[in-house]
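Structure at a glance
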Amino acid sequence: MNEINLNGFSKEWENIYDQNIHMSIWPWSDVVSLVSKYCNPVEKYNNILEIGCGAGANIPFFINRKNHFYGLDGSEIIINQLKDKFPELRQNLVAGDFTKSIPFDLKFDAVVDRGSLTHNSTASIKECLTVLKNKMSQKSFYFGVDLFSTEHSSFKLGEKVDEFTRKNINTKQFKGVGNVHFFSKDHIYELFEAKSFKILELEHVVKESIQTSTEPYRHCVYNLVAQA
Ligand SMILES: C[S@@+](CC[C@H](N)C(=O)[O-])C[C@H]1O[C@@H](n2cnc3c(N)ncnc32)[C@H](O)[C@@H]1O
């Protein structure tokens, strides 16, 4: 059996980006709609942090809004690529584990997490929420998009890391990504309320295959808006 990874960043992401996989480049529609709904007027929500910014899919949206964008990702490969792609943001793009520290000397008006926190263990998620809380201004927003749900068909697959986290899930969606955390509604409330976040909006999104040319799936995620 492989060693259980209870640390934050799953190093598998470095291999993924090295192989040009998971290179999403179009802004995620739920990020666009939630940020547009809550972060108004734009000038009041200037400083935006994306934890796990990956290949930078959401960056053009924030540039377009004229926000000050800061991105943190555990993969040096992808951060170096982003620095070439967005040279004006070089100073604001940093490689590091967001469950350990946020290496920017300011407080954020919004934190965007599209599919990133959900690739960490329970212990790391708790650490991350403590770290984040200290870097968020009063009444700022955390946007969690695509937090995997315990109702997802992959929840029982792979190997157990902790009650809510699995790894080595051998499906098209999760192959090679390391830790995958699956949230239940109660688990979300417990985690965020323990760090004094106020939950403003929580939705459960279910996508289920009726007919498919690949493997049948039940793809379930939560979208969350919480206030610091
Ligand atoms: C599914 S990708 C999402 C990328 C981007 N947010 C998007 O919406 O396209 C998840 C990203 O989170 C990063 N990540 C996961 N856990 C991390 C951690 N503890 N510290 C830093 N980055 C992490 C991975 O390296 C990966 O780039």
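Residues numbered from 1 in each chain as written. Predicted model: local features only at pLDDT ≥ 70, side-chain atom pairs only at ≥ 80, totals over all residues. Heavy atoms only, no water.

1. Details of the site of the ligand
As a matter of local geometry, the ligand sits amid 22 residues, with Tyr17, Glu50, Gly52, Asp73 and Arg114 nearest to it. A distance of 2.6 Å separates an oxygen atom of the ligand from a polar side-chain atom of aspartate 73. Isolated, the ligand exposes 600 Å² of accessible area, and the fraction of that covered by the protein chains is 97%. For the shell around the ligand, the per-class residue count stands at seven nonpolar, eleven polar and four charged. (Near = heavy atom within 4 Å. Polar contact = N/O pair within 3.5 Å; in protein donor to acceptor, adjacent residues only side chain to side chain. Areas by Shrake-Rupley, 256 points an atom, 1.4 Å probe, with all protein chains shown as cover. Nonpolar A, V, L, I, M, F, W, Y, C, P; charged D, E, K, R; others polar.)

2. Details of the sheet that holds strand β1 (residues 47-51)
As summarised here, the arrangement of the seven strands in space is β3-β2-β1-β4-β5-β10-β9, forming an open sheet in which the pairing is mixed. Edge positions in the sheet fall to β3 (93-95) and β9 (198-208), since each of these pairs with one other strand and no more. Neighbour to neighbour, the strand axes of the sheet diverge by 15 degrees on average, direction disregarded. Alignment of strand β5 (residues 136-148) against strand β10 (residues 218-227), held across six bridges, turns out to be antiparallel. When the sheet's bridge partners are listed, phenylalanine 143 is paired in β10 with valine 225. Packing of helix α5 (residues 122-134) onto the sheet brings it into contact with β1, β4 (108-114) and β5, and relative to β5 it is tilted by some 145 degrees. Along the sheet face, helix α6 (residues 185-194) touches β5, β9 and β10 and points at about 150 degrees away from the line of β9. (Pairing = 2+ DSSP bridges. Helix = DSSP H or I, 4+ residues; strand = E, 2+ residues; numbered from the N terminus. Axes fitted to C-alpha atoms, helices over the stretch in contact; angles between N-to-C directions. Contact = heavy atoms within 4.5 Å.)

3. Thoughts on the side chain of threonine 118
Following the sequence through the fold, threonine 118 ends up in the loop between β4 and α5. Taking the relative accessible area as the measure of exposure, threonine 118 reaches 0% and is therefore buried. What threonine 118 contacts, discounting residues up to four positions off in sequence, is Asp146, Leu147, Phe148, Asn179, Val180, His181 and Phe183. (Buried < 20%, exposed > 50% of the residue type's maximum accessible area, 1.4 Å probe, protein only.)

4. Thoughts on the sheet that holds strand β8 (residues 180-181)
Taken together, the three strands give an open sheet; going across it, the order is β6-β7-β8, and neighbouring strands pair in antiparallel fashion. Pairing within the sheet leaves two strands with one partner each, and these edge strands are β6 (159-162) and β8. Of the pairings in the sheet, the one linking strand β7 (residues 165-167) to β8 comprises two bridges and is antiparallel in character. By the bridge assignment for β8, arginine 166 is matched with valine 180.

5. Observations concerning the confidence of the model for the chain
With 97% of its residues at a pLDDT of 70 or more, the chain shows a mean pLDDT of 94. Confidence drops under a pLDDT of 50 for residues 1-6, and excluding neighbours within four residues, the segment shows 14 contacts in the predicted structure. (pLDDT = per-residue confidence, 0-100.)

6. Some thoughts on α6
Along α6, the positions that sit buried rather than exposed are His187, Ile188, Leu191 and Phe192. Buried residues of α6, seen end-on, are gathered within an arc of 115 degrees and therefore sit on one face of the element. Opposite the buried face of α6, at more than 90 degrees from it, the exposed residues are Glu190 and Ala194. Looking at the packing, one finds that the buried side of α6 touches α5, β5, β8, β9 and β10. Trailing α6 by a residue or two, serine 196 shows a phi angle of about 65 degrees, which is positive. (Arc of directions from axis to C-beta.)

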